[in-house]
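Summary of structural features
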Amino acid sequence: MSSQTPAIGRSVPRREGRAKVTGRARYIDDLTLPGMLHGVTVRSPRPRGTIRNISFGPGVPWDEVTVVTAADIPGKNIVTLIKEDQPYLADGRVNHAEEPILLLAHADRHLLEEARRQVTIDIDPLPAVLTIDDALAATHVIWGTDNIFKTYVVARGDVDAAWGDGVTSIVEGEYETGAQEQLYIEPNGMVAIADPADGVTVWGSMQCPYYIHKALAGLFALPADRIRVVQMETGGGFGGKEEYPSIIAGHAALLAWKAGRPVKLIYDRAEDMVATTKRHPSRTRIRSGVDATGKLVAMDIDFVVDGGAYCTLSPVVLSRGTIHAAGPYFCPNIRVRGRAVATSVPPHGAFRGFGAPQSIFGLERHMDRAAAAAGLAPDEFRRANFIKPGQTSAVGQVMRDPVDMGAILDRALALSGYHEKRTRFAANDATGAVRKGIGFATFMHGAGFTGSGEDHLASIVTLEVTREGRVRVLTASTEIGQGTITIFSQIAADALGIDVEDVDIAQPDTAIVPNSGPTVASRTCMVVGKLVESAAHALRRTLADVGLPAEGYSRDEFHHKCRVHVEQHGVLRASAQYTARQDVKWDDEKYEGDAYGSYAWAAYVAEVSVDMTTFEIRVDDFVAVQEVGKVINPVLAAGQIEGGVAQGIGWALYEDVVWREGRMANAQMTNYIMPTSADLPAIRVFFEEVPYPHGPAGAKGIGELPMDGPAPAIVNAVAHATGVDIRRIPLTPEALAALVGVAHG
Amino acid sequence: MNGEAVSLQGHPMSRLLDVLRTTLRLTGTKEGCGEGECGACAVTIDGRLVNSCLIPLLQAEGTSIVTIEGISSGDELHAVQQAFIEYGGAQCGICTPGMVLAATVLLDRVAEPCLEDVQHALAGNLCRCTGYMRIFEAVLAAVKYHRPPGVVA
């Protein structure tokens, strides 16, 4: 190591911060190409049916308008993902409201809007399936033979035989969560140029350049080297720009291909909300049995997510939700069945947490109820059941993390004044106009792809050095606000013993960067960051050949050796590729083993006030304690937690997707309500740092974790305040009023 | 416009947002919702914070408009911009121009704002990334080295 001050552990300012605060950062809608047309999408007005006729109305110079239908697609009319079931453009049949049918392009945006209005699509309706129950009943089969995209069953022990084994308390419950819109403030958009001679290039707002790359290759039947995907500055993603951008990129490119001109396709807010993916709605049924000492003896969990009309990522969302359904607890006899079902709504998709927040909501609400039934305080009951190192999880993973959930919970309860408040609030006047409550949730979140996912991705990172000794990090991992550019700079700088300022991060462009995998699953820091660190070590070994000492060199010496090497060999590059860990075992067939290389562990405490006249709920204080390994950048890490908690508060209390005939009826920021600066409590964030040997400098994943805890913590607090048993979110004032009405007869 | 006289012709009902972004190529002003809810398109007109997606061009005639491009002087950042970088007030950055403008309007109006003032002043600017905590910190930190016009240090 050199004598540089380590960058890791310091709050190095966001490296692209200056461009962002001055308005100079370039997002997709800021890109204009010469001769560029604008594009729009014409969508299905009905949830399900057969397209009978498409007519083009009067008053539009249709000869000037580029019109693309399914018949214009040069390759396969399939959005490449898991199953080949989703078309780029509906061809004869529509399977959900707002499904894309036609594309239009013109230079004049106003004329284009008029053109969109003048397209009439006649559809012979078919019965739509709009709820999880209807999907499971399979009266109308809309997907496969039974409307089920995927089923997982994970089990330990013998659940069916365990209910007599000293079980003194059995609790059953059903818990539901609603859809949630990602609501990144920058709507989706793409710009494309495409022609048979030069191939296809798209620029856009995205999380996963290589997902789009693969999808475009199939859509245009072109070899990989004729497709280029470039990420622009991206105004938030949260999962919402994981898979859907493949569709927008394809649409923009199809229009450009036919028009022979560049095409910009930007969604307005209403279109983005009504047509793109949301968090899967879910239903969790839990039956648990506890013995006289408060230990869990048996748990039977049934977890269902609504996947929408096409499979998209639902099996993977389901997998994560199923594995996290048992939480950070040990139960000797446990079975979790997870199912993802098809309905006639736009496909639900990736959203921070990816299925885990849904099943954890059900479990953590159930744990409070099961504690009460067993005559134990919520924290006593959990403490009796926390999983310990050496114990085996539901999915068959022997816990090797040195986890101490009890200590994390103790710290969170102490920081929030939980015990004193729990007693004081319970003694409050039950007829008071405002009632206070406090509640918590304990949970964990696995980082990186599930099971053997990272082995299959086999991600690659490359570092290259210029003659001047500047290091350039080449990855496909996108900066979407979470700090990729800054933490990669810190990791590379420390591994090389140079300044953060000496490191550049290449713009993700598939013509330049290797495939480091998608920017999802809390994997960017832990998995890709580790590859950055490994590639940096490889670079140092190469420089040792020209005399760079292993330790104690100066920054100038590093730069000098780089120049010497580049003069001798022309280029200086080093790469690292993910290879399967021998100590991590996963069986894809049995679906058991080490589901994740590591977990982050957390306890979140919420304090609330409930106005018993208006039923408005306010979160007054929020404490988030988590163990995420080494914290690379304290300001960025705390920002991740605070932002995730805010989204969790929104999901719990405000964000209500209203469905009408399979279509989001409130697709506006006016009536889909997310938290404003005036709605949030102080969000107090604390880290335990237990270095993880397989992450860069000991770091684990962090991005999704904070989405898991807020909703159950808040609902447990509201239950404490009101005495009402709440089983569903969002818990809007209307929903709470109805529950209180029921409770009071 | 950002301290300079600008003369242009456009449809009187054009959205100021489109004129800024398309005609004047001032793309620092962003569109988030197009209905005045998110504040990504915020600019100031005669010192007042407005959502430029709701302002017809005719209403802008003869006024003094400041966009994010007019906030810093040369290479020197405004105190709010500097604090946003230092305190982590910007994540994805799409709300940042509007958020910075909203904060500068507050600081010009209130010399020593408290947390509640900041929360209230920014309530029309939505941020989905930060949970606002670091934005509050940044604005309160900027108070220390910002002097509103007419206030003698």
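Residues numbered from 1 in each chain as written. Chains lettered and ligands numbered in written order. Predicted model: local features only at pLDDT ≥ 70, side-chain atom pairs only at ≥ 80, totals over all residues.

1. Focus on the overall build of chain B
- When you go through chain B residue by residue, the secondary structure sums to 6 helices and 3 strands.
- Mapped in sequence order, the helices and strands of chain B form the string α-β-β-α-β-α-α-α-α.
- Computed over C-alpha atoms, the radius of gyration of chain B comes to 15 Å, within 12% of the 15 Å expected from 2.2 N^0.38 for 153 residues, which places it in the range of a compact globule.
- The dimensions of chain B, computed from C-alpha atoms along their principal axes, are 40 × 35 × 25 Å.
- Burial statistics for chain B: of 153 residues in total, 56% are counted as buried. (Helix = DSSP H or I, 4+ residues; strand = E, 2+ residues; numbered from the N terminus. Rg over C-alpha atoms; globule rule 2.2 N^0.38 Å. Buried ≥ 20, exposed ≤ 12 C-beta atoms within 10 Å, placed from the backbone.)

2. Some points on the overall build of chain A
- When you go through chain A residue by residue, the secondary structure sums to 19 helices and 28 strands.
- Against the 2.2 N^0.38 benchmark of 27 Å for 745 residues, chain A shows a C-alpha radius of gyration of 26 Å, consistent with a compact globule.
- Dimensions of chain A, computed from C-alpha atoms along their principal axes, come out at roughly 75 × 75 × 50 Å.
- Classification of the 745 residues of chain A by burial places 60% in the buried group.

3. Some points on the sheet that holds strand β16 (residues 434–446) of chain A
All names here are of chain A.
- Pairing in this open sheet of 4 strands is mixed, and the strands run β16-β23-β24-β27 from one edge to the other. The sheet is open, and its two edges are formed by β16 and β27 (682–688), each paired on a single side. With strand direction ignored, the average angle separating the axes of adjacent strands in the sheet is 15°.
- Both strand β23 (residues 599–611) and strand β24 (residues 617–627) contribute to a ladder of 10 bridges, which runs antiparallel. Bridging from a neighbouring strand, Tyr-604 pairs with Ala-624 of β24. (Pairing = 2+ DSSP bridges. Axes fitted to C-alpha atoms, helices over the stretch in contact; angles between N-to-C directions.)

4. Observations regarding helix α10 (residues 405–416) of chain A
All names here are of chain A.
- If you check α10, its first and last C-alpha atoms are 17 Å apart, about what 12 residues at 1.5 Å a residue would give, namely 16 Å.
- Three or more residues of α10 are buried, namely Met-405, Ile-408, Leu-409, Ala-412, Leu-413 and Ser-416. Summarising the axial view, the buried residues of α10 lie within an arc of 130°, below the 170-degree limit, and thus occupy one face.
- Against the buried residues of α10 lie α9 (378–385), α11 (418–426), β16, β23, β24 and β27.
- Just downstream of α10 lies Gly-417, where phi reads positive at about 65°. (Expected span 1.5 Å × (residues − 1). Arc of directions from axis to C-beta. Contact = placed C-beta atoms within 7 Å.)

5. Here's the deal with the environment of A:Asp108
All names here are of chain A.
- On the secondary structure map, Asp-108 appears in the loop between β5 (100–106) and α2 (109–117).
- For Asp-108, a count of 14 C-beta atoms within 10 Å translates into the label partly exposed.
- Sequence separation between Asp-108 and Leu-37 is 71 residues, and the spatial gap between their C-alpha atoms is 7.6 Å.

6. Let's talk about the interface of chain B and chain A
- Each partner contributes to the interface: chain B provides 40 residues, whereas chain A provides 42 residues.
- At the level of elements, α3 (79–87), α4 (96–109), α5 (115–121) and α6 (133–145) of chain B are the ones that each hand at least two residues to the side of chain B that touches chain A.
- The dominant element in the side of chain B that touches chain A, judged by the number of residues it contributes, is α3(B), at 4 residues.

7. Description of the pairing of strand β11 (residues 227–231) of chain A
Residue and element names in this part refer to chain A.
- Most of β11 is tucked away, with 5 of its 5 residues classed as buried.
- Neither face of β11 is open: one carries Ile-227, Val-229 and Gln-231, the other Arg-228 and Val-230, and all of them are buried.
- One crossover worth recording links strand β10 (residues 199–204) to the parallel β11 by way of helix α4 (residues 209–220), and it is right-handed. (Right-handed = clockwise from strand over helix to strand, strands pointing away.)

8. Observations concerning the confidence of the model for chain B
- The predicted model of chain B averages 94 in pLDDT, with 95% of residues at 70 or higher.
- Among the scores for the predicted complex, ipTM is 0.97 and pTM is 0.98. (pLDDT = per-residue confidence, 0-100.)

9. A few points about the sheet that holds strand β14 (residues 296–308) of chain A
Residues and elements named next belong to chain A.
- Reading across from one edge, β7-β15-β14-β13-β8-β28 is the order of the 6 strands in this open sheet, with mixed pairing throughout. In the strand order of this sheet, the two ends are held by β7 (148–156) and β28 (728–729), each with one partner.
- Where strand β8 (residues 167–177) meets β28, 2 bridges bridge the pair, whose relative direction is parallel. Bridge pairing in β28 places Thr-177 opposite Ile-729.

10. Examining the packing of helix α8 (residues 356–373) of chain A against helix α18 (residues 710–722) of chain A
Residues and elements named next belong to chain A.
- Direction vectors running N to C along α8 and α18 enclose 30°, while the axes themselves pass 8 Å from each other. Of the possible angle classes, the one that applies to α8 and α18 is roughly parallel. Taken as a pair, α8 and α18 cross one another with a handedness that is right-handed. In this structure, α8 uses Pro-357, Ile-360, Phe-361, Glu-364, Arg-365 and Asp-368 to contact α18, whose residues at the interface are Ala-711, Pro-712, Val-715, Asn-716 and Ala-719.
- Its residues assigned to classes, the contact of α8 with α18 comprises 7 nonpolar, 1 polar and 3 charged. (Parallel < 35°, antiparallel > 145°, perpendicular 65-115°, else oblique. Left-handed = near helix turned anticlockwise from the far one by under 90°. Nonpolar A, V, L, I, M, F, W, Y, C, P; charged D, E, K, R; others polar.)

11. What to know about the nonpolar core
Residue and element names in this part refer to chain A.
- Grouped together as the largest cluster of nonpolar side chains are 290 residues, with contacts concentrated most on Ala-192, Ala-252, Ala-492 and Ile-714.
- By residue number, the principal contributor to this core is helix α16 (residues 634–654), which donates 11 residues.
- Discounting residues that sit within four places of it in the chain, Ala-492 has contacts with Leu-463, Val-471, Val-473, Val-503, Val-532 and Ala-536. (Core = buried A, V, L, I, M, F, W, Y, C linked by C-beta atoms within 7 Å.)

12. A look at the environment of A:Tyr267
All names here are of chain A.
- Summarising the element assignment, Tyr-267 is placed in the loop between β12 (263–266) and α6 (269–275).
- Assessed through the 20 C-beta atoms surrounding it within 10 Å, Tyr-267 is described here as buried.
- Separated by 226 residues in the primary sequence, Tyr-267 and Thr-41 place their C-alpha atoms 9.0 Å from one another.
- Look past the residues within four positions of Tyr-267 in its chain and what remains in contact with it is Pro-187, Asn-188, Gly-189 and Asp-272.

13. Digging into helix α14 (residues 524–544) of chain A
- The terminal C-alpha atoms of α14(A), which comprises 21 residues, lie 29 Å apart, in line with the 30 Å expected from a rise of 1.5 Å per residue.
- Counting buried positions along α14(A) gives 16 out of 21 residues, so the element sits mostly inside the fold.

14. Details of the environment of A:Asn716
- Inspection of the secondary structure puts A:Asn716 in helix α18.
- Along the primary structure A:Asn716 and A:Arg727 are separated by 11 residues, whereas in three dimensions their C-alpha atoms are 9.9 Å apart.

15. So, unusual backbone geometry
Residue and element names in this part refer to chain A.
- The omega torsion across Ile-729 and Pro-730 is 5°, close enough to zero to call that bond cis.
- With phi around 60°, Ala-521 is a residue other than glycine that occupies positive phi space.
- Note that Ala-521 resides in the loop between β19 (503–505) and α14.
- C-beta crowding within 10 Å serves as the criterion here: with 28 such atoms nearby, Ala-521 is assigned to the buried category.

16. A look at the packing of α4(A) against helix α5 (residues 245–259) of chain A
All names here are of chain A.
- In the contact formed by α4 and α5, the axes pass within 9 Å of each other and the chain directions differ by 45°. Here α4 lies oblique to α5, going by the angle between them. Considering only the axes of α4 and α5, their crossing is right-handed. Residues Tyr-211, Ile-212, Ala-215, Leu-216 and Leu-219 of α4 touch α5, and the partners they reach there are Pro-245, Ser-246, Ala-249, Gly-250 and Ala-253.
- Of the residues in the contact of α4 with α5, the class split is 8 nonpolar, 2 polar and no charged.

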